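# Understanding the architecture of this molecule
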Amino acid sequence: MKKQEPSMSNIAILLLAAGASRRMGQAKQLMAWQDTSLVEHQIKTLLPTGASIHIVLGAYAEKIRPLISDFSVTIYENPHWEKGMGTSLAFGVQHILKNTTNTAGILIALVDQPLLKTSHFKTLIDTFTPNQRQIICSTSDKGWSGPPIIFDRCYFEELMKQEGDHGAKNVTKKHKKAITFLTLGSVLEDVDTPQAFAKAITRQF
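Quick notes on the rules
- Residues numbered from 1 in each chain as written.
- Predicted model: local features only at pLDDT ≥ 70, side-chain atom pairs only at ≥ 80, totals over all residues.
- Heavy atoms only, no water.
- Axes fitted to C-alpha atoms, helices over the stretch in contact; angles between N-to-C directions.
- Helix = DSSP H or I, 4+ residues; strand = E, 2+ residues; numbered from the N terminus.
- Parallel < 35°, antiparallel > 145°, perpendicular 65-115°, else oblique.
- Left-handed = near helix turned anticlockwise from the far one by under 90°.
- Contact = heavy atoms within 4.5 Å.
- Nonpolar A, V, L, I, M, F, W, Y, C, P; charged D, E, K, R; others polar.
- Core = buried A, V, L, I, M, F, W, Y, C linked by side-chain atoms within 4.5 Å.
- Buried < 20%, exposed > 50% of the residue type's maximum accessible area, 1.4 Å probe, protein only.
- Pairing = 2+ DSSP bridges.

Between helix H1 (residues 38-46) and helix H2 (residues 61-68), the shortest axis-to-axis distance is 10 Å and the interhelical angle comes to 40°. Here H1 is positioned oblique relative to H2, judged by the angle of their axes. Seen from above, H1 lies across H2 with right-handed handedness. Residues Val 39, Glu 40 and Ile 43 of H1 form the contact with H2, whose participating residues are Ile 64, Leu 67 and Ile 68. Of the residues assigned to the contact of H1 with H2, the class counts are 5 nonpolar, no polar and 1 charged.

Residue placement: Leu 182 occurs in strand S9 (residues 179-185). When the C-alpha atoms of Leu 182 and Ser 140 are compared, they prove to be 8.5 Å apart, with 42 residues separating the residues in sequence. Setting aside chain neighbours within four positions, we find Leu 182 in contact with Thr 123, Leu 124, Thr 127, Cys 137, Ser 138 and Thr 139.

Core analysis: the biggest nonpolar cluster contains 30 residues, and Ile 43, Ile 55, Leu 57, Ile 68 and Leu 107 have the highest contact counts within it. Among the elements that make up this core, the one with the highest residue count is strand S1 (residues 11-17) (4 residues). Excluding its chain neighbours within four sequence positions, the residues that come into contact with Ile 43 are Leu 15, Ile 53, Ile 55, Ile 68, Phe 71 and Val 73.

Cis geometry is found at the peptide bond from Pro 147 to Pro 148, where omega equals 0°. For Pro 148, the location among the structural elements is in strand S8 (residues 145-152). Not every positive phi belongs to a glycine, and Asn 102 is a case in point at roughly 60°. As for its placement among the helices and strands, Asn 102 is situated in the loop between helix H3 (85-99) and strand S6 (105-110). Even without a glycine there, the phi angle at Arg 133 is positive, about 60°. Positionally, Arg 133 belongs in the loop between helix H4 (118-127) and strand S7 (135-140).

Moving on, we get to the pairing of S7. Within S7, 6 of the 6 residues are buried, leaving the element largely enclosed by the surrounding structure. Side chains Ile 135, Cys 137 and Thr 139 of S7 all project onto a buried face; the interleaved residues Ile 136, Ser 138 and Ser 140 project onto the opposite face, where all are buried too. As defined by bridge partners, S7 adjoins S8 across 5 bridges and the pair is classed as antiparallel. Looking at the pairing, Ser 138 lines up with Gly 146 of S8. Hairpin connection of S7 to S8: 4 residues between the antiparallel strands, including Gly 143 at a positive phi of 95°. Taken together, the 6 bridges between S7 and S9 define a ladder with parallel strand orientation. Bridging from a neighbouring strand, Ile 136 pairs with Thr 180 of S9.

Okay, structure coming up:
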């Protein structure tokens, strides 16, 4: 059977940027990265994929929105962001489905993975085959797995029911056999503490 190629137009990217960054001690979305902020850097990294980008804000939304309002992204504000990443994930998926048509898959990205390059996201998208019940999950050379991750449309209903701080982990645990792991090496690191951020800065070039 011929492989069905994913179109950038039927892949939606959901960038989660709603958290309070308690472990960082400040709004990591606004922290300086290269010549811009962390959230702007992530958007600039994602835009060349050609996929539609949808970003969920919550904490610090009033400060973040002016920085990103000129980008070609769709912005949502989750009024219940304090209840955890799962609520922002569900909120984002719900609004993507309201605002798009024929979405074959959703790529979930995080604002605190600045070492990832555009090429990493393009590889994820190229690996995804629509309508095959796939989950394309990133994994590090240390064995950690998680976002960025693509879910086929057959999982959207489950994603919209997520809550708490576990993100999509309940869905991936339930559908382990559907997961294709894609190794992204040592760049797959969350920058969620001052120590991790300082370490990432030394590796950014």
